[in-house]
Amino acid sequence: VLLPMHFTSRFRSITSIQHHTINENCKTNLNIFNKILSIIRLILPTINIFSSTKSVIKQTKNLSNPMFKVFSLNIALALLATSTNFSPITAFAMESSTATAAKSYLANIPEGPPDAILGIAEAFKSCTDENKVNVCVGAYRDSSGKPWILPSVRKAEERLLADPSVNKEYAPIAGDAKYVDLALGFAYGANADLSKIAGVQSLSGTGACRIGGHFLAKFVPKPEGMDKVPIYIPNPTWGNHMAIFRECGMDIRRYRYYDSSTNRLDYNGLLEDLKEAPNGSVILLHACAHNPTGCDPTMDQWKAISDLVKEKSHYVFFDSAYQGFASGDAEADASALRFFVNEGHNLVLAQSFAKNFGLYGERTGTLSVVCNTPEEKSAVMSQLKLIIRPMYSSPPIHGSSIVKTVLTDEALTKEYYENCKEMAERIRSMRVKLVDMLKSVGSTHDWSHVTEQIGMFAFTGMNSDMCDELTSKYSIFLTRDGRISLAGLNDGNIEYVAKAIHDVTDGKKIVT
């Protein structure tokens, strides 16, 4: 082991000439090396390899011509390679032409920006303030501020662990077919005609959006004069949407969704922007509990949106991350999605079980496409598999097995709906308590928009300066758009948070 290292080091010190000179002669040197190697193999039985190698290295020091030094060293390297079969020596002969290129491309890679939300979570962890509060992350916490595994989920998992027939084999490309059917029934309704819905298991909602975006970018006809399929995304929206669909090769465009002058849905702006969009655009809609605003259209407004989408021949992409978690009623939370299906839209649905089943780390979801015929479904399924196979091959099975176990057992299903309702009711109670507490600590602002919103988040209307002050002065960690995760509030910190919000908003506007 030491001999190759010794000669490698010696080679670097002896050949202290211009790098480009070595590059120009590298192939020649390699040819010489190989010829010398052939000759040495012929005379190998008659020489002492290590003695000869040592002698060559010693004589090399006395040579003044750099190329002679290289030639002499080739002899030494060939002797060593012959005696030890040390194959990396041949590769080393080419190092001088490749090392610079390899180092150069890595050295020029820029540092990427940190993820905004995950960066805030890390800052919270490192904060030493005993009063610190995390109202940033979109994950449920119980009344003591701890992560909560749903009892129905825990029981399902215990059954899986106790079942000797359960294994860790690969899932098919499209995932567990039984799980997919149950998940689609959960979303589209127990009576949905699954013979016309193409569905695959996905890596939660993020993976579903990525598969769906790739599919639409590939198969949706591009509007006249455009080289990419446009997708209209609400402003604001979940922070990852733009990056996902941009990576899919789609043309990212925005439509108005939230009116900061009223802290409510910008319904007229939404309709105007969808009407101005080129015919045949993709429209991303949040199925319920819009993230981050918590503002959902009414059913009458959903009907008008559906009519406009039909008029403009747009394509609908629903992202459903909070079914059941939003209101506590999974059937009610699916109303908009099911209405659009009944209206005849060939929509795409990204479905996640992270929030409503608490399976954040299990990456469990589906991507589905509503087709017109079983034949269309078959063709779409084949294309979805072609997208998935080179992307991640097949999905993880533990989370999907939990969902399948819950939804195939009547008692567990009933318990699950009760668990989901419990989460939703705690979130709803935090909305009311926060607004009541703000009033009690002296705030004169109208916070009614917070109680009117739905889902995990409250879109407060606070600007970035107010949010920064909450963090720097009170160690309350939140995103800079004023979004608060109500799951981070509890009876032990809500007064502290309310007083802090009052302090940073007192005498200032929370509308624009």
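All figures in this text were calculated on a predicted structure; none of them were measured in a lab. (Residues numbered from 1 in each chain as written. Predicted model: local features only at pLDDT ≥ 70, side-chain atom pairs only at ≥ 80, totals over all residues. Heavy atoms only, no water.)

Brief notes about the environment of I117
Line of reasoning, step 1. For I117, the position within the fold is in helix α7 (residues 116–126).
Line of reasoning, step 2. Residue classification places I117 among the partly exposed residues on the basis of a relative accessible area of 26%.
Line of reasoning, step 3. Sequence separation between I117 and C136 is 19 residues; the distance between their C-alpha atoms is 6.9 Å. (Helix = DSSP H or I, 4+ residues; strand = E, 2+ residues; numbered from the N terminus. Buried < 20%, exposed > 50% of the residue type's maximum accessible area, 1.4 Å probe, protein only.)

Points about the pattern of salt bridges
Line of reasoning, step 1. A complete count under the given rule lists 17 salt bridges for this structure.
Line of reasoning, step 2. One salt bridge in this structure joins D251 and R253, with 3.2 Å as the shortest N-O distance.
Line of reasoning, step 3. D251 gets classed as partly exposed once you look at its relative accessible area, which sits at 22%.
Line of reasoning, step 4. A salt bridge links R264 to E452, with the shortest nitrogen-to-oxygen separation between them at 2.9 Å. (Salt bridge = Lys/Arg side-chain N within 4 Å of Asp/Glu carboxyl O.)

Some remarks on the packing of helix α10 (residues 204–219) against helix α16 (residues 374–391)
For any two helices packed against each other, the geometry comes down to the angle between their axes and how far apart the axes lie.
Line of reasoning, step 1. Look at α10 against α16: their axes get within 10 Å of each other, and the N-to-C directions meet at 120°. Relative to α16, the element α10 is oriented oblique. α10 and α16 meet at a crossing whose hand is right-handed. Between α10 and α16, the contacting residues are R210, I211, H214, F215, K218 and F219 on the first element and V380, Q383, L384, I387, I388 and M391 on the second.
Line of reasoning, step 2. Split into classes, the residues belonging to the contact of α10 with α16 amount to 8 nonpolar, 2 polar and 2 charged. (Axes fitted to C-alpha atoms, helices over the stretch in contact; angles between N-to-C directions. Parallel < 35°, antiparallel > 145°, perpendicular 65-115°, else oblique. Left-handed = near helix turned anticlockwise from the far one by under 90°. Contact = heavy atoms within 4.5 Å. Nonpolar A, V, L, I, M, F, W, Y, C, P; charged D, E, K, R; others polar.)

Some remarks on the sheet that holds strand β7 (residues 282–286)
Line of reasoning, step 1. Spatially, β2-β10-β9-β8-β7-β3-β4 is the arrangement adopted by the 7 strands of the open sheet, whose pairing is mixed. The sheet is open, and its two borders are formed by β2 (197–203) and β4 (251–256), each paired with just one other strand. Mean inter-strand twist for the sheet, computed between neighbouring axes without regard to direction, equals 25°.
Line of reasoning, step 2. In this sheet, β4 lies alongside strand β3 (residues 230–235) in parallel orientation, the contact comprising 6 bridges. Looking at the pairing, P230 lines up with D251 of β4. (Pairing = 2+ DSSP bridges.)

Concerning the pairing of β3
Line of reasoning, step 1. Counting buried positions along β3 yields 5 of 6 residues, so the element is predominantly enclosed.
Line of reasoning, step 2. Tracing the backbone out of β3, into helix α11 (residues 241–247) and back to the parallel element β4 gives a crossover that is right-handed. (Right-handed = clockwise from strand over helix to strand, strands pointing away.)

Quick word on α10
Line of reasoning, step 1. Over its 16 residues, α10 extends 23 Å from the first C-alpha to the last, a length consistent with the 22 Å expected when each residue adds 1.5 Å.
Line of reasoning, step 2. Buried residues of α10: S204, G205, G207, A208, C209, I211, G212, G213, F215, L216 and A217, and no others. (Expected span 1.5 Å × (residues − 1).)

A look at the confidence of the model for the protein chain
Line of reasoning, step 1. When the pLDDT values of the protein chain are averaged, the result is 88; 80% of them are 70 or greater.
Line of reasoning, step 2. Predicted confidence for residues 1–23 stays below pLDDT 50, and this span has 26 contacts to residues more than four positions away or in other chains.
Line of reasoning, step 3. In the predicted structure, residues 86–95 sits below a pLDDT of 50 and forms 15 contacts with residues beyond four places in sequence or in another chain. (pLDDT = per-residue confidence, 0-100.)

Let's talk about the packing of aromatic side chains
Line of reasoning, step 1. Summed over the entire model, instances satisfying the criterion amount to 20 aromatic pairs.
Line of reasoning, step 2. Aromatic side chains F357 and Y416 sit 4.0 Å apart centroid to centroid with 20° between the ring planes, which places their arrangement in the stacked category. Residue F357 is located in the loop between β9 (348–352) and β10 (364–370), and its partner Y416 is located in helix α18 (residues 410–440); the two are separated by 59 residues in the primary sequence. We note that F357, like Y416, is buried.
Line of reasoning, step 3. One aromatic cluster is present, formed by Y179, F186, F353, F357, Y416 and Y417 through successive ring pairs. (Phe/Tyr/Trp six-rings, centres within 6.5 Å; stacked < 30°, edge-to-face > 60°.)

Structural notes on the side chain of H286
Line of reasoning, step 1. For H286, the position within the fold is in strand β7.
Line of reasoning, step 2. Assessed through its relative accessible area of 7%, H286 is described here as buried.
Line of reasoning, step 3. A polar atom in the side chain of H286 sits 3.3 Å from the backbone nitrogen of N291.
Line of reasoning, step 4. For H286, the contacting residues outside a window of four places in its chain are P234, T237, W238, H241, N291, W302, F318 and D319. (Polar contact = N/O pair within 3.5 Å; in protein donor to acceptor, adjacent residues only side chain to side chain.)

Here's the deal with the packing of helix α20 (residues 464–474) against helix α21 (residues 494–505)
Line of reasoning, step 1. Two numbers describe how α20 lies on α21: the axes approach to 10 Å, and their chain directions differ by 125°. Our classification of the angle between α20 and α21 gives oblique. The two elements α20 and α21 cross, and the hand of that crossing is right-handed. Between α20, through M466, E469, L470, K473 and Y474, and α21, the contact on the second element is made entirely by Y496, A500, I501, D503, V504 and T505.
Line of reasoning, step 2. Split by residue class, the contact of α20 with α21 holds 7 nonpolar, 1 polar and 3 charged.

Observations regarding the pairing of β9
Line of reasoning, step 1. Within β9, 5 of the 5 residues are buried, which leaves the element mostly enclosed by the surrounding structure.
Line of reasoning, step 2. Here β9 shows two buried faces, one formed by V348, A350 and S352 and the other by L349 and Q351.
Line of reasoning, step 3. Pairing of strand β8 (residues 315–320) with β9 involves 4 bridges; the strand directions are parallel. Across the sheet, the residue bridging to D319 is A350, located in β9.
Line of reasoning, step 4. Where β9 and β10 come together, 5 bridges link them in antiparallel fashion. When the sheet's bridge partners are listed, Q351 is paired in β10 with T366.

Thoughts on unusual backbone geometry
Line of reasoning, step 1. Following N235, the chain continues into P236 via a peptide bond in cis, with omega recorded as 10°.
Line of reasoning, step 2. Relative to the helices and strands, P236 is located in the loop between β3 and α11.
Line of reasoning, step 3. Residue S313 is not a glycine yet carries a positive backbone phi of 55°.

Observations concerning α20
Line of reasoning, step 1. Taken as a whole, α20 has its buried residues at M466, C467, L470 and Y474. Buried residues in α20, looked at end-on, bunch into an arc of 105°, giving them a common side. More than 90 degrees from the buried face of α20, the exposed residues found are D465 and S472.
Line of reasoning, step 2. Along its buried surface, α20 packs onto β12 (476–477) and α21.
Line of reasoning, step 3. You can read the cap of α20 off the contacts: a side-chain oxygen lies 3.1 Å from the backbone nitrogen of D465, and it is on N463. (Arc of directions from axis to C-beta.)

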